[in-house]
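# Structure assessment
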Amino acid sequence: PPNMAFSNLRNGLISLEISLRLNYALHVTGHTAVAPVSTTLYDSSGYFQKYKEFEKSVRVEEIDGMKVVKNLAVKMEEMFRRKAEATRRLVEAAEEAHHQHEENPDLQYEYFNAVLINEVDEEGNNVELGGEFLLEPNYHFNNLSVNLSLSVVQVPTNMYNKDPDIVNGVYWSEALNKVFVDNYERDPTLIWQYFGSAKGFFRQYPGVKWHPDEHGVIGFDCRNRKWYIQAATSPKDVVILVDVSGSMKGLRLTIARQTVSSILDTLGDDDFFNIIAYNQEIHYVEPCLNGTLVRADRTNKDHFREHLDKLFAKGIGLLGEALTEAFMILSDFNQTGRGSVCSQAIMLVTDGATEMYDDVFEKYNWPERKVRLFPYLIGRESAFADNLKWMACANKGYFSQISTLADVQENVMRYLHVMSRPKVIDHEHDTVWTEAYVDSALNDKSGPTLTTTVAMPVFSTKNETVTKLCMLCSSMQYQEGQKRRKPNYSSVDLSEVEWEDKDGILRNAMVNRRTGTFSMEVKKTVDRGRRVLKMHNDYYYTDIKGTPFSVGVALSRGHGKYFFRGNVSLEAGLRDLEQPDVALADEWTYCNIEEEHEHRHLTQIQAIKLFMTGRRPHLKCDRELIQEVLFDAVVTAPLEAYWTGLALNKSENSDKGVEIAFLGTRTGLSRTNLFVPVDQDFLTAEDKEGVFNADHFPLWYKRAAEQVPGTFVYSIPFSTGMKSPIVAGNEFEYSVISLVSSCTYVQAHFCLVLLSAVGIQMKLEYFQKKFWTACRQCTALDGKCSISCDNEDINCYLIDNNGFILVTEEQSQTGLFFGEVEGAVMNKLLQMGSFKRFETQLNNWLTQRSRGKTMMVPCDTEYPAFVSERTIKETTGNIECDGCIRSFVIQQIPSSNLFMVVVDNKCDCSSAPPVTMDPIEIIYILSSLKCERLKYQKDRKKPESCHPFHPEENAMECGSATRFSGPLAAALLPLITATISR
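Residues numbered from 1 in each chain as written. Predicted model: local features only at pLDDT ≥ 70, side-chain atom pairs only at ≥ 80, totals over all residues. Heavy atoms only, no water.

In the nomenclature of an unreviewed UniProt entry, the protein chain corresponds to Calcium channel, voltage dependent, alpha2/delta subunit 3 from the organism Astatotilapia calliptera. Its UniProt record gives the protein chain the following Subcellular location (unreviewed entry) comment, quoted word for word: "Membrane". The heading Sequence similarities (unreviewed entry) in the UniProt record of the protein chain holds the text "Belongs to the calcium channel subunit alpha-2/delta family." (UniProt positions renumbered as here; feature names shortened; annotations may be inferred.)

Okay, structure coming up:
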């Protein structure tokens with residue numbers, strides 16, 4: 001129909017706005033006039049008047065982002081310092097205990113084995129190395145059963161529990177139990193404390209029972225953990241040469257693959273590597289990485305493991321060419337400055353060498369011998385052992401022979417001891433912090449706990465020819481103040497969080513530990529990725545002294561830049577804070593109640609009361625945040641009385657359409673009033689985006705804050721795991737609801753300052769009824785509409801600013817994306833600029849099972865989202881579809897995020913493809929694109945410590961084909977692991 005035919009519907013929009021705003025204002029505040037929300041919305045409830053009472057004592061402050069981030073850095077510096085000191089105390093105790101101990105090869109000692117504790121035999125007796133070990137659930141460890149008085153010892157499955165070296169090490173390291181307990185009493189935010197021995201055993205505090213997998217195996221070896229690797233060795237560039245000549249067929253090639261895989265396990269994020277297979281030719285395992293090295297992160301290592309299965313043995317082995325290639329790669333890569341710029345090594349996995357290749361070494365490695373060589377002789381044959389051992393000794397390396405798969409792990413580990421020699425001789429107690437990783441032992445409701453570990457090496461102080469090395473570590477709470485953690489993060493690169501930083505300005509500044517500011521427009525996906533918020537953020541960042549970390553703060557311009565400071569009496573604040581309709585953000589830390597056992601039963605409100613009244617002065621509380629939340633409690637108190645009165649007045653909500661009214665402030669305070677019993681409340685902890693939690697403000701708060709002041713945000717919450725709201729046939733269940741929220745502001749010093757966000761939850765059926773009633777109102781004298789949504793020739797939709805349908809005649813379409821229903825119209829709106837499409841790209845790796853093995857495969861995905869253009873209030877359009885023209889009009893409903901769309905349905909456009917929000921997997925058709933991604937190396941700050949060589953090294957301790965007399969008995973103490981949040 002012509003556009004003029006839609007003019008009557010516009011009158012209905014005005015009626016709809018008035019109807020919705022009246023109802024909203026009535027149930028939230030009692031205000032009944034349609035007036036600017038920023039000034040008069042709260043007059044009748046007394047909320048605004050209450051603010052007026054304190055206006056003289058209130059001051060509006062602009063947040064100084066740089067001051068905030070520097071204060072935060074100082075607090076975190078102190079927190080990390082305490083963890084490092086705890087580890088240092090362990091180091092000193094371990095070195096003293098080892099100095100006092102005399103090795104006894106016949107020592108018999110019963111210790112608490114982590115797997116065997118509390119195990120009994122068929123007769124009910126404790127098994128050997130088991131014994132009765134008291135375990136009690138502990139809140140601090142997510143109710144895991146632990147022993148806070150003793151530690152336990154774990155020994156890898158492939159090692160003998162009573163090996164003399166292990167028994168002696170376990171015996172003298174028992175002295176650490178006292179220090180473990182003392183550390184925990186001094187700093188209860190510590191989680192795990194560890195001692196990781198170079199012999200392979202692992203001492204853990206507090207004591208906890210370990211359980212084998214379904215095959216009866218515990219694959220954990222502390223020497224493969226990041227904290228051990230980073231603390232034991234300096235960063236290194238490594239080229240792995242694998243012999244794939246014909247003699248390597250069968251079991252030898254299988255052992256070789258496992259050897260290479262075990263070497264990869266020992267490489268950390270500060271290391272770089274490549275793998276070359278050789279016979280009569282040179283074969284890069286990943287051809288696109290010819291002549292370069294890549295970072296040894298998990299993604300790259302898993303990618304190379306996948307290619308190991310493609311190795312086949314044939315031909316003859318030309319080792320000289322392979323060694324030449326390896327030396328050239330290391331030299332060229334080191335000159336670029338892109339690698340570790342520290343240690344270098346060649347790992348040679350072969351079944352023999354017919355000559356010594358001294359000409360190659362003389363040309364590329366002598367006399368400096370900057371590249372160490374570690375030959376691994378595969379198989380029982382020892383005819384070529386002398387040649388390979390000479391090569392190792394001549395190049396400051398170590399020779400090992402691997403006859404069976406069971407020999408792989410221990411033999412591979414030996415190279416770490418050699419690489420550690422310079423650090424051992426220097427007795428450098430470098431403090432090493434790992435990146436964030438998942439501690440699966442501390443699973444909670446939100447998933448595995450993120451931790452970080454601090455480790456230090458432990459040295460022997462005895463006057464021996466061989467200096468011994470050990471590692472010590474501890475675990476800790478990551479943050480003591482307001483906890484902040486992105487859900488399910490495990491060492492996510494900053495560029496994947498702030499992905500609009502295309503040039504890496506923010507990332508590189510923080511990686512290089514600079515202090516500064518940065519600003520940019522950002523688009524944040526919310527509501528499970530279905531919606532987009534457009535914001536302008538200011539970033540402030542600085543380094544944390546004494547650590548490799550930087551910390552940053554992002555503030556949204558506008559509502560994120562200003563806040564209130566007001567003073568109320570302590571009596572009034574505590575009184576209003578304890579009202580039944582008040583709640584505080586469940587995961588925020590107003591007071592640290594987890595640090596002391598005696599406080600863990602307290603709620604945050606109880607802790608605030610005890611602290612502010614002086615009854616628990618030693619509680620660690622954020623006094624500034626508490627004063628702000630007390631102010632909010634007093635100012636918002638009148639709402640409770642108003643809502644109670646409204647609930648008693650049945651006439652105001654006779655059809656019980658409005659279920660809940662709610663309010664939230666930036667201090668984490670919320671007020672909620674239940675008007676009618678509801679079966680499903682979207683404002684509970686189960687709805688993570690609907691409440692204040694450790695990660696963010698509620699979604700309804702954020703969306704209202706980003707809207708134009710004085711407007712309302714309407715939405716249908718998405719049920720978890722559902723594409724659309726709950727529908728039963730053509731009847732909507734009452735559990736389907738609609739939310740409407742808005743922010744309240746006051747004018748202060750030429751800026752609008754956000755007071756709070758308020759909203760209601762209503763039945764969708766009730767909301768739809770309001771819409772259809774308004775749409776049928778016309779200005780004609782006879783009251784009849786020339787055209788209305790009842791007309792069969794048109795379809796009417798009410799959609800939100802992200803394109804989701806709230807109201808339509810076909811109720812099964814409610815909650816769907818408009819483009820899925822009206823693909824042709826949505827495409828036109830995108831072309832006209834009424835809506836814009838945004839894609840967020842996530843670089844993922846997918847776990848797949850193939851031939852009985854788990855592999856990581858690339859799975860880069862784009863997630864589309866849509867948002868309306870705020871400046872476009874009304875648009876009309878025509879679409880050509882199969883010989884006919886389909887017309888439509890879209891108009892924004894004033895003071896809301898809603899649009900009414902009216903579409904002519906006489907012209908069939910069903911052949912037009914839908915516009916969907918389905919994620920799109922990025923397929924790398926050209927191998928070059930995939931290769932470029934593998935080659936891409938993000939900037940990363942190199943460790944400050946580097947120990948590649950030492951003139952006092954004994955290069956003649958370079959291995960034998962028999963039992964290894966380890967030059968380094970390394971024992972690592974557990975790093976302090978910090979839980980970022982729970």
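Moving on from the coordinates now.
Okay, the state of the cysteines next. Tallying each qualifying case throughout the model produces six disulfides. A sulfur-sulfur separation of 1.9 Å characterises the disulfide bridge that pairs cysteine 342 with cysteine 946. Negative torsions about the S-S bond denote left-handed disulfides, and the value of about 110 degrees found for cysteine 342 with cysteine 946 makes this one right-handed. Here cysteine 342 is found in the loop between α10 (319-336) and β11 (343-350), whereas its partner cysteine 946 is found in the loop between α24 (927-935) and β37 (971-972), with 604 residues between them in sequence. Of the residues examined, cysteine 342 reaches a relative accessible area of 14% and is grouped as buried. Judged by relative accessible area, cysteine 946 falls into the partly exposed class, the value being 34%. (Disulfide = S-S within 2.5 Å. Helix = DSSP H or I, 4+ residues; strand = E, 2+ residues; numbered from the N terminus. Buried < 20%, exposed > 50% of the residue type's maximum accessible area, 1.4 Å probe, protein only.)

Turning to the pairing of strand β29 (residues 794-800), a few remarks are in order. Here is the key point about a regular strand: its side chains alternate between the two faces of the sheet. Summarising burial for β29: seven of the seven residues are buried, a large majority. The alternating pattern of β29 places Ile794, Cys796, Leu798 and Asp800 and Asn795, Tyr797 and Ile799 on opposite faces, both of which are buried. Pairing of β29 with strand β35 (residues 898-904), which is carried by seven bridges, proceeds in the antiparallel orientation. Bridge pairing in β35 links tyrosine 797 to valine 901. Summarising the sheet, β29 and strand β30 (residues 805-808) pair through three bridges and their orientation is antiparallel. Note that in β30 the partner of isoleucine 799 across the bridge is isoleucine 805. Taking the residues that link successive antiparallel strands as the turn, the β29-β30 hairpin has four residues, and the phi of glycine 803 there is positive, at about 90 degrees. (Pairing = 2+ DSSP bridges.)

Right, let's talk about the packing of helix α17 (residues 604-612) against helix α18 (residues 623-635) for a bit. A pair of packed helices can be characterised by two numbers: the angle between their axes and the separation between those axes. In contact at an axis separation of 12 Å, α17 and α18 are set at 110 degrees when each is read in the N-to-C sense. As judged from the angle between their axes, α17 and α18 are roughly perpendicular. Along its contact with α17, which presents Ile608, Phe611 and Met612, the element α18 presents Arg623, Ile626 and Leu630. Residues that form the contact of α17 with α18 fall into these classes: five nonpolar, no polar and one charged. (Axes fitted to C-alpha atoms, helices over the stretch in contact; angles between N-to-C directions. Parallel < 35°, antiparallel > 145°, perpendicular 65-115°, else oblique. Contact = heavy atoms within 4.5 Å. Nonpolar A, V, L, I, M, F, W, Y, C, P; charged D, E, K, R; others polar.)

Further remarks concern the pattern of salt bridges. This structure, assessed with the given rule, holds 39 salt bridges. Salt-bridge contacts for arginine 81 lead to glutamate 85; the nearest nitrogen and oxygen are separated by 2.3 Å. Placement of the pair is arginine 81 and glutamate 85 together in helix α4 (residues 65-100), with a separation of four residues, close to one helical turn. With relative accessibility at 36%, the residue arginine 81 sits in the partly exposed group. Glutamate 85 gets classed as partly exposed once you look at its relative accessible area, which sits at 34%. Its salt-bridge partner being lysine 423, residue aspartate 430 comes within 3.7 Å of it at the nearest N-O pair. The pair aspartate 430 / lysine 423 is uniform in exposure class, with both members buried. A single network of salt bridges, built from pairs that share partners, joins Glu78, Arg81, Arg82, Lys83, Glu85 and Asp187. (Salt bridge = Lys/Arg side-chain N within 4 Å of Asp/Glu carboxyl O.)

At serine 420, helix α13 (residues 408-426) is bent by approximately 45 degrees, the largest bend along its length, and proline proline 422 sits one to four residues beyond. Counting buried positions along α13 yields 16 of 19 residues, so the element is predominantly enclosed. Looking one or two residues past α13, histidine 427 carries a phi angle of roughly 50 degrees, positive in sign. (Bend = angle between axes of the 7 residues up to and from the residue.)

As a further point, take the sheet that holds β29. Taken together, the five strands give an open sheet; going across it, the order is β30-β29-β35-β34-β33, and neighbouring strands pair in antiparallel fashion. Unpaired on one side and paired on the other, β30 and β33 (874-881) mark the two borders of the sheet. Across the sheet, the mean angle separating the axes of adjacent strands is 20 degrees when strand polarity is ignored. With respect to the sheet, helix α21 (residues 764-775) is in contact with β29, β30 and β35, its orientation differing from that of β30 by roughly 55 degrees. Across the sheet, helix α23 (residues 823-832) lies against β33, β34 (884-892) and β35, angled at about 125 degrees from β33, the strand it touches most.

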